[in-house]
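Inside the fold
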Amino acid sequence: MIKFLTRTFLILLVTVILIIIYLSLIGFKTEKFNEVISKQILKNNSNINIKLKDVNFILSPLDFSINVKTYSPEIFIENKKLSLELIVSNIPLRSFFKENFIIDDVKLSTKFLKIRDVIALSRIYNNSTELLILNKIIKDGSIIADINLNFDESGKIKNDYLIKGIVKDTKLRLLNSNKIEKLNFIFEVKYNQFNLRDIKTEFNEVPIVSSITEIQKKDKNFYINSKLKTNKKDFNFNTFNKIFKEELSKQGIKNMVFSSSSDISFLINEKFKIKDFRLKSNIDLKSLTYSKELKNFDKYFGNYKNTLVLKNNKILLNYNKNGFTINGNGKLGFEDIYDDINYKIKQKEKQYIFSTNISLKKNLFLIPLLNYEKKKKSSLSINLNGVYKDNKEISFNKISLEEDDNLILLKNLKLNKKLEISKIDLVDINLVNKEKILNQLRIERQKKNYKIYGKNFYIKSIINEINNNSAQSNPIFDNLNTNININILKIYLDPTNFVNNFNGNITYKKNKIYKSDLASTFPNNKKLNLTINT
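Only a predicted model underlies this, so the values are computations on that prediction, with no experimental measurement involved.

1. Here's the deal with the overall build of the protein
If you tally the helices and strands in the protein, you get nine helices and 33 strands. For the protein, the residues scored as buried account for 38% of the 534 residues in total. The long-range fraction of contacts in the protein, counting pairs at least 24 apart against all pairs at least 6 apart in sequence, stands at 45%. For the protein, the accessible area works out to roughly 33100 Å², and carbon and sulfur atoms hold 53% of it.

Following this line, the structure appears as structure tokens:
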């Protein structure tokens, strides 16, 4: 009897072990539980149907669960079919034989699906504003994904879900006729976190590449941080110009070739409104052609023929809600003759603070009024520091031109929107002109009045300019009301004729000479007096 019981027990034990091994390694197939599994996955949503083929059940004895796997299931949404690669799930052994067993987790692998169909499926579960907007702007594209979901005891999805996949050939139509095409990227989605990698797309036909984009949900906002690149070899200026509604061409920009690498971050709320936008961009500007007439520009830059070119400029752009800064350096040229330029621009509130240095070695530079021309083999440094305001006013804190021993310095020059002088604190001139005459002159503001004094000054070019424009009444000052005291030791009327001890006073009212009392002496000691009373 004992032997019989022992043998029976061993046979049963071996049978159970063999069954467990079989169920663990091979399992079994059945359609018996298909309806129950479908209901658990879809939670009785009447708008969705799922078609399961044979379901494989494999026992997992170590964690007392049953692994469920089915290949090529199909989901139907309003007669639209979504083909999946497989569904894998895990059912606790203790609940497997209950009428409504609990599913611990679900793993889905899809085939390539149309994104609009996936959005339709998502809207059935959560018809949010974001999905509604996406459904309107996405016109085409496909997606493939692996989805891992874990459920709590009540059947709700836990926050430790993970979704990985690929988006291909997506098209979006945005506001103002903007469009995104050929959008491709790899994505990973976790709770409140989205990571996009290897993004390649075209924004209005301009190619853009992003190595990584991170999206995190914070309260009701999404924080987005992205690294973007544009490639100059794929750049088309005409297409880029369309993005700005031809505004670049209207402003005189005729051609532009550049590449860039940018870090972008911003917050976007549930209504797709953007705030706290930040941009840091390194721009490699290979060339920019500006072709627009600049009034009187050719008087000073002899090589200028209505075309200005920036070449090989390295630019660092920083932008945030408080304003932007631009730091750049490279080449500036006319007619394929280039010199060095560096510049800084800072925008804050309604003003633009700028600092520019141009080092001229090859290009011509002239100041007709002073009969000055840069020597061919010398280097001229031009420095401009000031502020441009939204009301079109320009304030130059400092303007300086230096060439060897030649110097021109202006301080606190203010121009109104008509480019008329409203204020200037100092003009210091110390240079040799084309006639080899040394000009030494200072103009200083003393409260509301001015003082002009110096050793030598050449005025032939100024006299010629006055005579040539005698019929014109365009003022260079903005309502000048002042008294000017003059004391210059020698005034050159031309290269050979001069007067000594040119001194006196001029009173201006409303831009016109109200009174003057000037005197000077010729080399033969004859006096020259000029008196005006109005």
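2. Let's talk about the packing of aromatic side chains
One pass over the structure, following the stated rule, counts 15 aromatic pairs. Taking 4.7 Å as the distance between ring centres and 20° as the angle between the ring planes, the aromatic pair formed by Phe297 and Phe301 counts as stacked. Consider the rings of Phe354 and Phe396, whose centres lie 5.8 Å apart with planes at 80°: the pair is edge-to-face. With Phe354 in strand E20 (residues 351–360) and Phe396 in strand E24 (residues 394–403), the pair connects residues that are 42 residues apart, well separated along the chain.

3. Describing the confidence of the model for the protein
Here the protein averages 81 in pLDDT, and 80% of its residues register 70 or above. Mean pLDDT values for the elements of the protein range from 55 in strand E1 (residues 28–30) up to 96 in strand E27 (residues 426–432).

4. Considering the nonpolar core
Counting residues in hydrophobic clusters, the biggest one holds 85 residues, and the most contacted among them are Phe187, Phe365, Leu370, Ile382, Leu401 and Phe457. The dominant element in this core, judged by the number of residues it contributes, is strand E15 (residues 253–269), at six residues. Residues contacting Phe365, with those up to four places away along its chain left out, are Tyr300, Phe301, Leu360, Tyr372, Glu373, Lys374, Leu380, Ile382 and Leu401.

5. Considering the pairing of strand E25 (residues 406–415)
Judged from the nine bridges that link them, E24 and E25 form a sheet pairing that is antiparallel. Bridging from a neighbouring strand, Glu402 pairs with Leu407 of E25. Between E24 and the antiparallel strand that follows it, E25, lie two residues; Asp404 among them carries a positive phi value of about 55°. Sheet topology note: the E25/E27 ladder contains five bridges and is antiparallel. Residue pairing across strands places Leu410 opposite Val427, the latter belonging to E27.

6. A few points about the pairing of strand E17 (residues 308–320)
Pairing analysis gives eleven bridges linking strand E16 (residues 274–290) to E17, with the strands arranged antiparallel. The partner of Asp284 across the bridge, within E17, is Lys314. Once E17 ends, the chain turns through two residues before running back antiparallel as strand E18 (residues 323–334).

7. Here's the deal with the side chain of Asn195
By the element assignment, Asn195 lies in strand E12 (residues 193–203). Once residues within four sequence positions are removed from consideration, Asn195 is found in contact with Ile186, Phe187, Glu188, Thr213 and Glu214.

8. Some remarks on the side chain of Ser520
Structurally, Ser520 is set in strand E32 (residues 512–521). Using a relative accessible area of 2% as the deciding quantity, one classes Ser520 as buried. Ignoring anything within four residues of it in the chain, the contact list for Ser520 reads Val499, Asn500, Asn501, Phe502, Lys526, Lys527 and Leu528.

9. Structural notes on unusual backbone geometry
Here Asp198, not a glycine, exhibits a phi torsion of approximately 50°, which is positive. Relative to the helices and strands, Asp198 resides in strand E12. Despite not being glycine, Lys436 has its phi angle at roughly 65°, a positive value.

10. Considerations on the pattern of salt bridges
Inspection of every chain in the model, using the stated rule, returns 16 salt bridges. Here Lys190 makes a salt bridge to Glu188, at a shortest N to O gap of 3.8 Å. Residue class for Lys190 comes out partly exposed when judged on its relative accessible area of 38%. The exposure class of Glu188 is partly exposed, given its relative accessible area of 23%. Residues Glu373 and Lys434 are paired through a salt bridge, measuring 4.0 Å at the closest nitrogen-oxygen approach. With Glu373 in strand E22 (residues 372–373) and Lys434 in the loop between E27 and strand E28 (438–446), the pair connects residues that are 61 residues apart, well separated along the chain. Glu373 gets classed as partly exposed once you look at its relative accessible area, which sits at 29%. Through salt bridges with shared partners, a single ionic network connects Lys164, Glu188 and Lys190.

11. Overview of the environment of Ile476
Mapped onto the secondary structure, Ile476 falls in the loop between helix H9 (460–468) and strand E30 (482–492). Taking the C-alpha atoms as reference points, Ile476 and Ile421, 55 residues apart in sequence, are found 6.0 Å from one another. Apart from residues no more than four positions distant in its own chain, Ile476 is found in contact with Glu420 and Ile421.

12. A short note on the environment of Leu52
Locating Leu52 in the fold gives a position in the loop between strand E2 (48–51) and strand E3 (55–60). Note: C-alpha distance between Leu52 and Ile87 (35 residues apart in sequence) is 9.3 Å.

13. Examining the environment of Glu205
Assignment of secondary structure puts Glu205 in the loop between E12 and strand E13 (206–218). Judged by relative accessible area, which is 43%, Glu205 ranks as partly exposed. Taking C-alpha positions, Glu205 is 8.2 Å from Lys179, a pair spaced 26 residues apart along the chain.

About the thresholds
- Residues numbered from 1 in each chain as written.
- Predicted model: local features only at pLDDT ≥ 70, side-chain atom pairs only at ≥ 80, totals over all residues.
- Heavy atoms only, no water.
- Helix = DSSP H or I, 4+ residues; strand = E, 2+ residues; numbered from the N terminus.
- Buried < 20%, exposed > 50% of the residue type's maximum accessible area, 1.4 Å probe, protein only.
- Contact = heavy atoms within 4.5 Å.
- Areas by Shrake-Rupley, 256 points an atom, 1.4 Å probe, with all protein chains shown as cover.
- Phe/Tyr/Trp six-rings, centres within 6.5 Å; stacked < 30°, edge-to-face > 60°.
- pLDDT = per-residue confidence, 0-100.
- Core = buried A, V, L, I, M, F, W, Y, C linked by side-chain atoms within 4.5 Å.
- Pairing = 2+ DSSP bridges.
- Salt bridge = Lys/Arg side-chain N within 4 Å of Asp/Glu carboxyl O.

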